[in-house]
Amino acid sequence: MFYAIIASDNADSLAARRATRPAHLKRLEALQAEGRLLLAGPHPTIDSPDPGEAGFSGSLVVAEFEDLEAARTWADADPYVAAGVYREVQIKPFVRVFPS
C-alpha cells in the first residue's frame, strides 16, 4: 500500500536541510530503484520552484510500504529527522486514483 509522509520543517532549518540533502536523496533514490516511490519533493515557503533563502516549509513523500509501521520506521530514520530539519512528521495511508 502507498503511504503519504507529510513533514513540516522547523523554523530556520534551511542550512541543516541543505547540509543533509545528499543523504536524504540517497534514501529516496533507493526507494525509486526498488520501484516503490510514487513521488517526493519539498514544499517551498514561497510560490517559486526555487525559493532561495526563503527555504521550505516541509516535504511530501508518497511511497509503497508493507504497512503503516514500516512507513513510520522508514520515516523516523530520515536524515532530515536526525538533523532537526523536521518539526513534525505525519504518515497517512494513500490510495492512488489518478493517474491510473
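Analysis parameters
- Residues numbered from 1 in each chain as written.
- Predicted model: local features only at pLDDT ≥ 70, side-chain atom pairs only at ≥ 80, totals over all residues.
- Heavy atoms only, no water.
- Helix = DSSP H or I, 4+ residues; strand = E, 2+ residues; numbered from the N terminus.
- Rg over C-alpha atoms; globule rule 2.2 N^0.38 Å.
- Buried < 20%, exposed > 50% of the residue type's maximum accessible area, 1.4 Å probe, protein only.
- Polar contact = N/O pair within 3.5 Å; in protein donor to acceptor, adjacent residues only side chain to side chain.
- Contact = heavy atoms within 4.5 Å.
- Expected span 1.5 Å × (residues − 1).
- Bend = angle between axes of the 7 residues up to and from the residue.
- Pairing = 2+ DSSP bridges.
- Axes fitted to C-alpha atoms, helices over the stretch in contact; angles between N-to-C directions.
- Phe/Tyr/Trp six-rings, centres within 6.5 Å; stacked < 30°, edge-to-face > 60°.
- Lys NZ or Arg CZ within 6 Å of the ring centre and 35° of its normal.

Participant: Could you give me a rundown of the overall build of the chain, with the residues and numbers involved?
Facilitator: Tallying secondary structure elements over the chain gives three helices and four strands in all. Seen in sequence order, the chain has helices and strands lined up from the N terminus as β-α-β-β-α-α-β. In terms of overall dimensions, the chain is globule-like: its C-alpha atoms have a radius of gyration of 13 Å, near the 13 Å expected for 100 residues. Its C-alpha atoms put the chain at 35 × 30 × 25 Å along the principal axes.

Participant: Summarise the side chain of Arg27; cite the residues concerned and give the values.
Facilitator: Within the secondary structure, Arg27 is located in helix H1 (residues 14-33). Using a relative accessible area of 18% as the deciding quantity, one classes Arg27 as buried. A polar side-chain atom of Arg27 sits 2.8 Å from the main-chain carbonyl oxygen of Trp74. Excluding residues within four positions of it along the chain, Arg27 makes contact with Trp74, Ala77, Asp78 and Pro79.

Participant: I'd love a proper account of H1, names of residues and values included.
Facilitator: Helix length check: H1 (20 residues) gives 27 Å between terminal C-alpha atoms against 28 Å at 1.5 Å per residue, within 8%. Maximum bend of H1: about 55 degrees, positioned at Thr20, with proline Pro22 one to four residues after it. Within H1 the residues assigned to the buried category are Leu14, Arg17, Thr20, His24, Arg27, Leu28 and Leu31. Contacts from the buried residues of H1 go to strand S1 (2-9), strand S2 (37-44), strand S3 (56-64), helix H2 (68-76), helix H3 (79-82) and strand S4 (86-94). Where H1 terminates, the next one or two residues include Gly35, which has phi positive at roughly 75 degrees.

Participant: I'd like to hear about unusual backbone geometry, residue by residue, with values.
Facilitator: Residue Pro99 is reached from Phe98 by a cis peptide bond, and omega for that bond is -10 degrees. Looking at where Pro99 falls in the secondary structure, it is placed in the segment after S4. Unlike most non-glycine residues, Asp12 shows phi in positive territory, near 55 degrees. Within the secondary structure, Asp12 sits in the loop between S1 and H1. Residue class for Asp12 comes out exposed when judged on its relative accessible area of 83%.

Participant: I'd like a rundown of the sheet that holds S3, residues and numbers included.
Facilitator: Taken in spatial order, the four strands make up an open sheet running S2-S3-S1-S4, and their pairing is antiparallel. Lying at the two open borders of the sheet, with one neighbouring strand each, are S2 and S4. Pairs of neighbouring strands in the sheet enclose a mean axial angle of 10 degrees, with direction left out of account. Contacts from H2 reach S1, S3 and S4 within the one sheet, and its direction differs from that of S4 by about 155 degrees.

Participant: Describe in detail the packing of aromatic side chains, supporting the description with residues and values.
Facilitator: Tallying each qualifying case throughout the model produces two aromatic pairs. Seen in terms of ring centroids, Tyr80 and Tyr86 are 5.4 Å apart; in terms of plane orientation they differ by 90 degrees. Their pairing is edge-to-face. For the pair formed by Tyr80 and Tyr86, the shared burial category is buried. Here Arg27 stacks its cationic end above the ring of Trp74, 4.1 Å away from the centre of that ring.

Purely spatial values, then, with no claim about function.
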